[in-house]
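Single-letter residue listing:
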Amino acid sequence: MNPTAQYDTVIIGGGPAGLTAALTLTRYRQRSLVVESPAPPRNAASRGVHGLIGLEGATPDELRSRAWEELDRYGLATRLDATVGEITPLNGDGFRVRADDGTTVWARNVILATGVIDQHPDGVEGFAACWGRTVIHCPFCIGEENADRTWALVADDPQYLGMAATAFRAWTGDTIAIAPPSLPGADELRRSLREQGSDLVQGEITRLHHTDGDLHTVELADGTLLKRQTLLWPQPQRQVPLVERLVAEHGLALSDGYVTVDDGCRTSIPGLYAAGDLTGKTWEQGAVPAVTAGSAAADAIHFAHLA
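Residues numbered from 1 in each chain as written. Predicted model: local features only at pLDDT ≥ 70, side-chain atom pairs only at ≥ 80, totals over all residues. Heavy atoms only, no water.

Asks: Account for the environment of Leu19, with residues named and values stated.
Replies: Within the fold, Leu19 resides in helix H1 (residues 16–27). Once the C-alpha coordinates of Leu19 and Val291 are considered, the two residues, 272 residues apart in sequence, prove to be 8.3 Å apart. (Helix = DSSP H or I, 4+ residues; strand = E, 2+ residues; numbered from the N terminus.)

Pasting the structure below:
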């Protein structure tokens, strides 16, 4: 790729947020470069994307393939399979974007659509095989695919665990809570859950027994075996290294660990936008909010260009 190439916008990340932004900018007749890491995407374990009309159940690969078929009809969006290592603001004159393959380009605007990194628990055998299938972070994403199974809600927040008995009845009538031994107020919470037909079990999860990612038993450190088929187990998240560098080197603002944006997906750095999971907590993440944010960022760029 031409190292001096110039674009209206560089979009970093080729998931629902980034690709929607690319299509929206294309419809505004702007040239964009979509830089997507060759590493497996965060949603690679997903068996299908849900909630997008016309794309219900499409795999992440199918969604990307169809998106690029649509983008290629216009010829205004370019794809680069690489990892962006550096974004440098140029004192109000756009950005220099450098990828790890040596490609360096200039852009008037940049959209961060990198997603976040889920930090999986250490030492839990079988977790990776079940993640995104029967160990889930969001019931709205794949609760339907885990319907009519026995669930457990895993957390260390008593208020959140208190939802176990009632909050997920759309998908299951059998949910318990699993919490660490040190959970404050455990006795009171256990009584409350039992009164509602649920229960609280305390212990450290050490192994998930499964068949090809289909969970059937949870093993605790003391040897206790719990017959559970689905775990709702949200994981801590962190920003990708590129975003961490922007925070450290250029003062990109975060709020509770997520990139701070306004209604137009503008960050604290002029000309730098962010859309998708990197801007919202777990319950605000997903394909539909990402699509909405990608479109909003592209709209804001277009109207800023007109000003």
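Once the structure has been displayed, the description carries forward.
Asks: How would you sum up the pattern of salt bridges? Please name residues and give values.
Replies: For the structure shown, the criterion picks out 13 salt bridges. When the shortest N-O distance is used, the salt bridge between Arg194 and Asp199 registers 2.9 Å. Taking relative accessible area as the criterion, Arg194 reaches 52% and is therefore assigned exposed. Linked through salt bridges whose partners overlap, the residues forming this network are Glu36, Arg64, Arg79 and Asp81. (Salt bridge = Lys/Arg side-chain N within 4 Å of Asp/Glu carboxyl O. Buried < 20%, exposed > 50% of the residue type's maximum accessible area, 1.4 Å probe, protein only.)

Asks: Residues and numbers for the packing of H1 against helix H2 (residues 60–72), please.
Replies: A pair of packed helices is characterised by two quantities: the angle between their axes and the separation of those axes. Remark: H1 packs on H2, axes separated minimally by 10 Å, with the N-to-C direction vectors making an angle of 10 degrees. As judged from the angle between their axes, H1 and H2 are roughly parallel. Within the contact between the two elements, H1 uses Leu19, Ala22, Leu23 and Thr26 and H2 uses Leu63, Arg64, Ala67, Trp68, Glu70 and Leu71. Looking at the contact of H1 with H2, its residues break down into seven nonpolar, one polar and two charged. (Axes fitted to C-alpha atoms, helices over the stretch in contact; angles between N-to-C directions. Parallel < 35°, antiparallel > 145°, perpendicular 65-115°, else oblique. Contact = heavy atoms within 4.5 Å. Nonpolar A, V, L, I, M, F, W, Y, C, P; charged D, E, K, R; others polar.)

Asks: A description of the environment of Ala45 should follow, citing residues and the corresponding values.
Replies: Among the structural elements, Ala45 can be located in the loop between strand E2 (32–36) and H2. For the pair Ala45 and Gly132, spaced 87 residues apart in sequence, the C-alpha to C-alpha distance is 5.4 Å. The contact partners of Ala45, leaving out residues within four places of it in the chain, are Trp131, Gly132 and Arg133.

Asks: Describe in detail the sheet that holds strand E15 (residues 230–232), supporting the description with residues and values.
Replies: Pairing within the open sheet is parallel, and its five strands lie in the order E8-E15-E9-E10-E11. Every interior strand has two partners, whereas the edge strands, strand E8 (135–136) and strand E11 (200–202), have only one. Pairing between strand E9 (residues 151–154) and E15: three bridges, direction parallel. The residue of E15 that forms the bridge with Trp151 is Thr230. Running over the sheet, helix H6 (residues 186–195) touches strand E10 (175–179) and E11 and is turned about 145 degrees from E11. (Pairing = 2+ DSSP bridges.)

Asks: If you had to explain the sheet that holds strand E12 (residues 205–211) to someone new, which residues and values would you point to?
Replies: What the three strands build is an open sheet, ordered E12-E13-E14; its pairing is antiparallel. Looking at which strands have only one partner, the edges of the open sheet turn out to be E12 and strand E14 (225–226).

Asks: Let's hear about the nonpolar core: which residues, and what values?
Replies: With 29 residues, the main nonpolar core has Val10, Ile12, Ile87, Val110, Leu112, Leu252 and Leu272 as its most contacted residues. Within the residue set of this core, elements represented by two or more residues are strand E1 (6–12), E2, strand E4 (84–89), strand E5 (95–99), strand E6 (104–112), helix H7 (241–250), strand E18 (258–259) and strand E19 (272–274). Element by element, the count of residues in this core is highest for E6, at four residues. In this structure, Ile87 is in contact with Ile12, Phe95, Arg96, Val110, Leu112, Leu242, Leu246 and His250, ignoring residues within four places of it in sequence. (Core = buried A, V, L, I, M, F, W, Y, C linked by side-chain atoms within 4.5 Å.)

Asks: Now, about the pairing of E4: what can you tell me, with residues and values included?
Replies: As defined by bridge partners, E4 adjoins E5 across five bridges and the pair is classed as antiparallel. When the bridges of E5 are listed, Pro89 appears paired with Phe95. Linkage of E4 to E5, two consecutive antiparallel strands, is achieved through a turn of five residues, within which Asn91 is found at a positive phi near 50 degrees.

Asks: Go over the side chain of Ser32 with me, naming the residues and quoting the values.
Replies: Assignment of secondary structure puts Ser32 in strand E2. Since its relative accessible area comes to 0%, Ser32 is described here as buried. In this view, Ser32 contacts Tyr7, Thr9, Ile11, Ala22, Leu76, Ala77 and Thr78; residues no more than four positions away in its chain are not counted.

Asks: Explain H1 residue by residue, including any values.
Replies: Taking 1.5 Å as the rise per residue, H1 with twelve residues should run 16 Å; its terminal C-alpha atoms sit 16 Å apart, in good agreement. Where H1 is concerned, the buried positions are Pro16, Ala17, Gly18, Leu19, Thr20, Ala21, Ala22, Thr24, Leu25 and Thr26. Against the buried residues of H1 lie E1, E2, H2, strand E3 (77–81), E6 and helix H8 (287–306). Backbone geometry just downstream of H1 places Arg29 in the positive-phi region, at approximately 65 degrees. (Expected span 1.5 Å × (residues − 1).)

Asks: Run through the side chain of Thr26, naming residues and quoting values.
Replies: In this structure, Thr26 sits in helix H1. With a relative accessible area of 2%, Thr26 lands in the buried category. Those residues in contact with Thr26 that lie beyond four places of it in its chain are Leu71, Tyr74, Leu76 and Ala77.

Asks: Can you break down a negative patch on the surface residue by residue, with the values?
Replies: Side chains of Glu56, Glu144, Glu145 and Asp148 sit close together on the surface and give a patch of like negative charge. Looking at the element boundaries, Glu144 is found in the loop between helix H4 (139–142) and E9. (Patch = residues over 30% accessible without salt bridge, like charges linked within 9 Å, V, L, I, M, F, W, Y side chains within 5 Å. Areas by Shrake-Rupley, 256 points an atom, 1.4 Å probe, with all protein chains shown as cover. Lys, Arg positive; Asp, Glu negative; His and termini not counted. Charge placed at Lys NZ, Arg CZ, Asp CG, Glu CD.)

Asks: So what's going on with the packing of aromatic side chains? Which residues, and what values?
Replies: In total, this model carries six aromatic pairs according to the counting rule given. Ring centres of Phe127 and Trp233 lie 5.3 Å apart, and the angle between their planes is 85 degrees; on these two criteria the pair is classed as edge-to-face. Highlighted residues: Phe127 in helix H3 (residues 127–130) and Trp233 in the loop between E15 and strand E16 (237–239), separated in sequence by 106 residues. Judged on exposure class, the residue Phe127 and its partner Trp233 are both buried. (Phe/Tyr/Trp six-rings, centres within 6.5 Å; stacked < 30°, edge-to-face > 60°.)

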